[in-house]
Amino acid sequence: MSHRTVSAPVLIIGAGPSGMVSALCLARRGVDCVLIERRPGLENHPKAHELSARSIEILHELGLGHGELSAEASPEEDAAKILFCGTIGEEFGCIDLRANGVGRKYREHLEAPMPYLNLSQVELEKLLRERVAASPRIQALHHHQWESFEQDADGVTSRITDRTTGETFAVRSQYVICSDGAGSRSRKALGIEMKGPDKLLDVVNAYFQADLRRVVRTRGKLYFIFSPKAPGSVFIAHHVEKRWVFHLPVATPHEKIEEYTPEVMQKKIKAALGRDDVDIEITSMSHWRMTAQVAERFRSGRVFLVGDAAHRFPPTGGLGMNSGIGDAHNLAWKLAMVIERRAAPGLLDSYEAERRPVIETNCDESRLNFERMSEVAEAFGIEVEEAQWVNEKLASSTMRALPAPLRAWTERQVQHYGESILSRYHRDPSVRERVLAAIAQQRSHFDRIGLDLGYTYEEGALLGDGTRPPEVDDRVSSYLPSTRPGARFPHFWLDGNRRQRGSRSMIDYGASILLLGAAVEALPADLEALEEVEARHGVRLFRLGAADIPACHQAAVHALAQIEQDGALLIRPDGHVAWRQQRGVTLSVALIASIVEQVYGV
């Protein structure tokens, strides 16, 4: 091992989205970090593809503009449609997220011009990597492997190997963020177990580049395929004209992953397309295991888990990558405040206290979404467990021992039977009605504004005000804005119908914001001292009375902020409300110091 030691306040292991967002958030706070990644460059094989409203908001705060994020995303019209098909050209039903006011519902609560993006993780990582490379605060070391760490009272010493040269050296940091993915070696080294089922399904996927505009009947982002020639498969159109990923479940242990060669996958893709005349050139393939697990702990001393290192969800709902971005955004400002000595180390305990309930909800919803997909098959009259049993028998050693012609004949008979069941959709109006109803019931799988924007921290770095959370009829698909402590501070327009300046424009990841009603007055003795508040406590004042709000809109703004004109709010750097006093506030340095001490433990 080399005697060389690299020092930085924070070491980040893994440069996926949650790792790079962690680094950029720390840099935004003026904290240096070392970011290591075992891969030499970006992988071209797509993974996640759904960027939520909240993630877009977070990335916008870090400087990634809406136009930049949407440049390689699929068109908004495509991103709103989810298709349920026999083959991709035989559509049974469609969920359109712009219909029935869903799109309007999002736009009402967001400043961003789009409510979500169908953007390949590969394309997002390219944008994040450019930002990381441009930051003088981030030392990014690619093709470097984390090996081990040792903690002591003052920090962590990590052993890192340069995979290009073979040199092993040390990184000394105050804290470590582990964002090294679902198979996290660093989590395993900490002895932290994952809780929950470790296998729901084995899946092989293939990435191919193709323009399928002339193949699909309806442009969309997801195509669930029910064809018995490729049962349970899914096409993800990262961009209908450019990038596609095909996912196919594998009946392990009866089937072997290695049997799914590019040639086999090409045949399956063509079967799912219902077309033999389409040239399919597979760029890359991968195998992944669907799980629904959450780490038993998100922290071990000075080491923290974020993203897939802390939780692994079914992809149904698109909550995995977005949850990781939320983890990074929640943790980084807390680390920064402790490193800056503006908060006590106890503030770091709030990371798990706040994020775990959100993560457990997201994990449960993702698993429920996966399980509920069987409702569509059942609406056709397919017994899902029976169908799985048949697939296992077709893949069994007994079936493989049959002569090839007999095996092929058996498979054709099973497929013909499956096609006859699907044909009921066209022959029997009652079946069609059941199927369409079952498809409609899948809407909450995709319409999830409550999970995106409505999650509230009940314990952590906040002071409760005794009020109850707003009641919604559906925690997944409904959202009621709230400034109750723990909630995301909502979006509304400060300038009324001009709609040029949103309420969240005041939020600054580099500081906490004390939002003051228009009638809040300061004690005369504290007027001069208040100018030093930001430097001393990291709190910036925002006075609604001096915010150039149209007079006719003043009352509405206070109502939307859910305070009287003599009320106030403390908004944390991550945009969540930490404290609220709805009326009767007299501003003083002592008041601010008291709030900051109680919330951040200075």
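Residues numbered from 1 in each chain as written. Predicted model: local features only at pLDDT ≥ 70, side-chain atom pairs only at ≥ 80, totals over all residues. Heavy atoms only, no water.

Trainee: Could you give an account of the overall build of the protein, with specific residues and numbers?
Mentor: When helices and strands are tallied, the protein shows 20 helices and 28 strands. In terms of C-alpha radius of gyration, the protein reaches 26 Å, essentially the compact-globule figure of 25 Å for 602 residues. If you line up the protein on its principal axes, its C-alpha atoms span 95 × 65 × 35 Å. A burial count over the protein gives 56% of its 602 residues as buried. Roughly 25,300 Å² of accessible area belongs to the protein as shown, and the carbon and sulfur atoms make up 48% of that amount. (Helix = DSSP H or I, 4+ residues; strand = E, 2+ residues; numbered from the N terminus. Rg over C-alpha atoms; globule rule 2.2 N^0.38 Å. Buried < 20%, exposed > 50% of the residue type's maximum accessible area, 1.4 Å probe, protein only. Areas by Shrake-Rupley, 256 points an atom, 1.4 Å probe, with all protein chains shown as cover.)

Trainee: Pulling in residues and values, what's your account of the sheet that holds strand β14 (residues 201-209)?
Mentor: Strand order in the open sheet formed by seven strands is β6-β5-β15-β16-β17-β14-β18, and the pairing between neighbours is mixed. A strand with exactly one partner marks an edge of an open sheet, and here the two such strands are β6 (91-96) and β18 (282-290). Mean inter-strand twist for the sheet, computed between neighbouring axes without regard to direction, equals 20 degrees. Here strand β16 (residues 234-239) pairs with strand β17 (residues 243-250) via five bridges, running antiparallel. Bridge pairing links His-239 to Arg-243 in β17. (Pairing = 2+ DSSP bridges. Axes fitted to C-alpha atoms, helices over the stretch in contact; angles between N-to-C directions.)

Trainee: I'd like a description of the sheet that holds strand β23 (residues 512-516), backed by residues and values.
Mentor: Two strands in a sheet stick together by hydrogen bonds in their backbones, pointing the same way (parallel) or opposite ways (antiparallel). Spatial ordering of the open sheet is given by β25-β23-β26-β27, a layout of four strands whose pairing is mixed. Both outer strands of the open sheet, β25 (539-543) and β27 (577-581), are each paired with one neighbouring strand and no more. Direction aside, neighbouring strands of the sheet carry axes that sit 15 degrees apart on average. Where strand β26 (residues 568-571) meets β27, four bridges bridge the pair, whose relative direction is antiparallel. Bridge pairing in β27 places Ile-571 opposite Val-577. Relative to the sheet, helix α20 (residues 589-600) contacts β23, β25, β26 and β27, its axis offset from that of β25 by approximately 125 degrees. (Contact = heavy atoms within 4.5 Å.)

Trainee: Can you tell me about a negative patch on the surface, naming the residues and giving the values?
Mentor: A cluster of like negative charges, contributed by Glu-378, Glu-383, Glu-385 and Glu-386, occupies part of the molecular surface. You can see Glu-386 is positioned in helix α12 (residues 384-394). (Patch = residues over 30% accessible without salt bridge, like charges linked within 9 Å, V, L, I, M, F, W, Y side chains within 5 Å. Salt bridge = Lys/Arg side-chain N within 4 Å of Asp/Glu carboxyl O. Lys, Arg positive; Asp, Glu negative; His and termini not counted. Charge placed at Lys NZ, Arg CZ, Asp CG, Glu CD.)

Trainee: Describe in detail the pattern of salt bridges, supporting the description with residues and values.
Mentor: Side-chain pairs of opposite charge can arise whenever the charged atoms involved come near each other. Under the criterion given, the structure shown has 44 salt bridges. In this structure, Glu-167 and Arg-4 form a salt bridge, with 3.1 Å as the shortest nitrogen-oxygen distance. Taken as a pair, Glu-167 in the loop between β10 (156-162) and β11 (168-173) and Arg-4 in the segment before β1 (5-7) lie far apart in primary sequence, 163 residues in all. A salt bridge links Arg-372 to Glu-375; the shortest N-O distance between them is 3.6 Å. Salt bridges sharing partners connect three or more residues here, namely Arg-54, Glu-57, Glu-61, Arg-488 and Arg-504.

Just geometry here; none of it tells us what the structure is for.
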